[in-house]
Amino acid sequence: MPLYEYTCSGCGRRFEELQRIGADAREIACPACGGRDVVKQHSTFASLVAGSGGSGPMPCGAPSASSCGSGGFS
Ligand SMILES: [Zn+2]
């Protein structure tokens, strides 16, 4: 499961929360004050990916890529 980082708008507390993919961020409550007004930060993983070239070449663009799994070759 991805680990997301949130910042509470109420008290400013930063915390991390495991969240299912597709789960609603509004379900998350601040562990310090219980407030639901939290802002999801960019995860470290996402930041690393974004910082490595942004709109650079995608692996799935390679004709020989077989790990894309979205079909087209079968
Ligand atoms: Zn809070």
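Refer to the structure printed above.
No experiment lies behind these values; they were computed from the predicted model shown. (Residues numbered from 1 in each chain as written. Predicted model: local features only at pLDDT ≥ 70, side-chain atom pairs only at ≥ 80, totals over all residues. Heavy atoms only, no water.)

In this structure the tally under the stated criterion is one salt bridge. Among the salt bridges present, the one from Arg 14 reaches Glu 5, with a minimum N-O distance of 2.2 Å. (Salt bridge = Lys/Arg side-chain N within 4 Å of Asp/Glu carboxyl O.)

The subject of this paragraph is a nonpolar patch on the surface. A cluster of nonpolar side chains, namely Met 1, Leu 3 and Leu 18, defines an oily patch on the protein surface of about 350 Å² accessible area. Note that Met 1 resides in the segment before β1 (3-8). (Patch = residues over 30% accessible without salt bridge, like charges linked within 9 Å, V, L, I, M, F, W, Y side chains within 5 Å. Areas by Shrake-Rupley, 256 points an atom, 1.4 Å probe, with all protein chains shown as cover. Helix = DSSP H or I, 4+ residues; strand = E, 2+ residues; numbered from the N terminus.)

Before going further, it helps to spend a moment on the environment of Phe 15. By the secondary structure assignment, Phe 15 is in strand β2 (residues 14-18). Separated by 26 residues in the primary sequence, Phe 15 and Gln 41 have C-alpha atoms spaced 9.9 Å apart.

At 2.3 to 2.4 Å from the zinc ion lie its protein donor atoms, namely Cys 8 (SG), Cys 11 (SG), Cys 30 (SG) and Cys 33 (SG). Taken together, the four donor atoms coordinating the zinc ion span angles of 105 to 120° at the metal, a pattern that classifies the geometry as tetrahedral. Mapping the donors of the zinc ion onto the primary sequence yields the spacing C-x2-C-x18-C-x2-C. Placement of the pair is Cys 8 in strand β1 and Cys 33 in the loop between β2 and β3 (38-41), with a sequence separation of 25 residues. The exposure class of Cys 8 is buried, given its relative accessible area of 3%. (Donors = N, O, S within 2.8 Å, 3.2 Å for Na, K, Ca; no water. Tetrahedral: all angles 85-135°; square planar, octahedral: opposite > 155°, others 65-115°. Buried < 20%, exposed > 50% of the residue type's maximum accessible area, 1.4 Å probe, protein only.)

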